[in-house]
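Letter by letter, the chains look like this.
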Amino acid sequence: MTDPFFFPAFEPVSAAAITEWVGGDLAGGPASATITGVAPLEDASSGDLVFFDNTKYLDALSDTRAAACLVAKKHAAKVPEGVAAIVVDQPYKAWGIVLGKLYPTAMRPHSLDGTIAGISPRASVDETASLEQGVVVEHGAIVGPGVEIGAGSLIQANAVLGAGVRIGRNSTVGANAVVQHALIGDRVILHPGVCIGQDGFGFAMGPGGHLKVPQIGRVIVQDDVEIGANTTVDRGANRDTVIGEGTKIDNQVQIGHNVVIGRHCVIVSQVGISGSATLEDYVAIGGQSGVRGHVTVGMGAQIAAVSVVEADVPAGARYGGVPAKPVKVWFREVKTLSKLAERGLGARDKD
């Protein structure tokens, strides 16, 4: 599965050591089992580490030929004899911890063009820009007037930082990303093609045409945020667009002007969030959903995929559907409509 060209091979490690890393218990199999690779359940061979976290793959677990498996206690008995069962509370989280130790270079983006220190001679850095120690600027990148970049940050090839932009420490701006009118925190990852700080969609509409309304706010991206490829974040119209600490945003998400996203939210691909909407802390939104402007999604609320939020959502609620509503109501509606449709088709067939 892994390619040593892209991700260097790790030194063999014992199942006992991995158990210690994740704070687990070894419930079966040899503690001395040696791990030399990682793989999916169905592809694993002797020496591989696997994890099990979804009952859909029980058959694959029963047949796996791995050396060791990260597994919850309730499924440990399903691990084949001879495979070291490393029992943990959250197998997928434990898998992430282990991979982070085995493949540290995959934890954050690295130089694409081989620049390992300083500024590439083929980059353009304005003389008024301020770069702290250890900043890397790759070929073709443009760093505009007055830009400030913190220590250890990486600006990948052909990225553009507009005048006055601030980038914190140990952050990454991906290839072909464009950042303007923005303040970016520490340990932020902007993947390739991200666009931050462009005009919000502001027009005074009328029969004689649509008057452009200047967008004079900023984008504030707090620490430890990760934003996926080709996602766009518009700057505020008359206040800031804000993305809170620790929030994770997938690819191809659109965030409109004046949107405020709280801390540790999760927003999956192809979500659209309209202007002046507010997501409080720990909100999760499934893929291809839309959030109407000027609504508030309360703390810890969850929105199912392919839903449309048209009104405020209470804290801790689980909503879904079009328009979005409590999931129990949504499921009941879907079931009722399905039954009505079946009856209608049945009556028509009799005719």
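Not measured: the values here are computed from a predicted model.

## What about the layout of surface pockets?
The computed volume of the largest pocket comes to approximately 770 Å³. Of the residues that constitute the lining of the largest pocket, the class distribution is 10 nonpolar, eight polar and five charged.

## Some thoughts on the sheet that holds strand β35 (residues 290-291)
Across the sheet, which stays open at both edges, the 10 strands sit in the order β9-β12-β15-β18-β21-β26-β29-β32-β35-β38 with parallel pairing between neighbours. Sheet topology places β9 (124-125) and β38 (308-309) at the edges, where each strand pairs with a single neighbour. Relative to strand β32 (residues 272-273), strand β29 (residues 254-255) is paired through two bridges, and the arrangement is parallel. Considered in β32, the bridge of I255 is made with I273.

## Considerations on the packing of aromatic side chains
Tallied over the full model, the rule gives six aromatic pairs. Ring centres of F10 and Y103 lie 5.5 Å apart, and the angle between their planes is 85°; on these two criteria the pair is classed as edge-to-face. You can see F10 sitting in the segment before β1 (13-14) and its partner Y103 sitting in the loop between α3 (91-102) and β8 (118-119), a full 93 residues away along the chain. Like F10, the residue Y103 is buried in the burial classification. Clustering of aromatic rings is evident, with ring pairs tying together F51, Y92 and W95. Residue placement shows K101 over the ring face of W21; its charged tip is 5.5 Å from the ring centre.

## Observations concerning the nonpolar core
Judged by nonpolar contacts, the single largest core of 51 residues is most densely connected at I196 and I273. For this core, the secondary structure elements donating two or more residues are β19 (182-184) and β24 (219-221). Apart from residues no more than four positions distant in its own chain, I196 is found in contact with V178, V179, Q180, A182, I184, L190, V219, V221, I227 and V233. Among the nonpolar cores identified, the runner-up in size contains 20 residues, and V13, I35, A68 and V98 belong to it.

## Some points on the side chain of S153
One can find S153 in the loop between β13 (148-149) and β14 (154-155). A distance of 3.2 Å separates a polar side-chain atom of S153 from the backbone nitrogen of N170. Not counting the four nearest positions on each side in its chain, S153 is found in contact with G134, V135, V136, I167, G168, R169, N170 and S171.

Criteria and cut-off values
Residues numbered from 1 in each chain as written. Predicted model: local features only at pLDDT ≥ 70, side-chain atom pairs only at ≥ 80, totals over all residues. Heavy atoms only, no water. 1 Å grid on protein atoms, 1.4 Å probe; cavity = no way out; pocket = protein on both sides within 12 Å on 5 of 7 lines; lining within 4 Å. Points joined across faces, edges and corners; volume = space filled by probe spheres on them. Nonpolar A, V, L, I, M, F, W, Y, C, P; charged D, E, K, R; others polar. Pairing = 2+ DSSP bridges. Helix = DSSP H or I, 4+ residues; strand = E, 2+ residues; numbered from the N terminus. Phe/Tyr/Trp six-rings, centres within 6.5 Å; stacked < 30°, edge-to-face > 60°. Buried < 20%, exposed > 50% of the residue type's maximum accessible area, 1.4 Å probe, protein only. Lys NZ or Arg CZ within 6 Å of the ring centre and 35° of its normal. Core = buried A, V, L, I, M, F, W, Y, C linked by side-chain atoms within 4.5 Å. Contact = heavy atoms within 4.5 Å. Polar contact = N/O pair within 3.5 Å; in protein donor to acceptor, adjacent residues only side chain to side chain.

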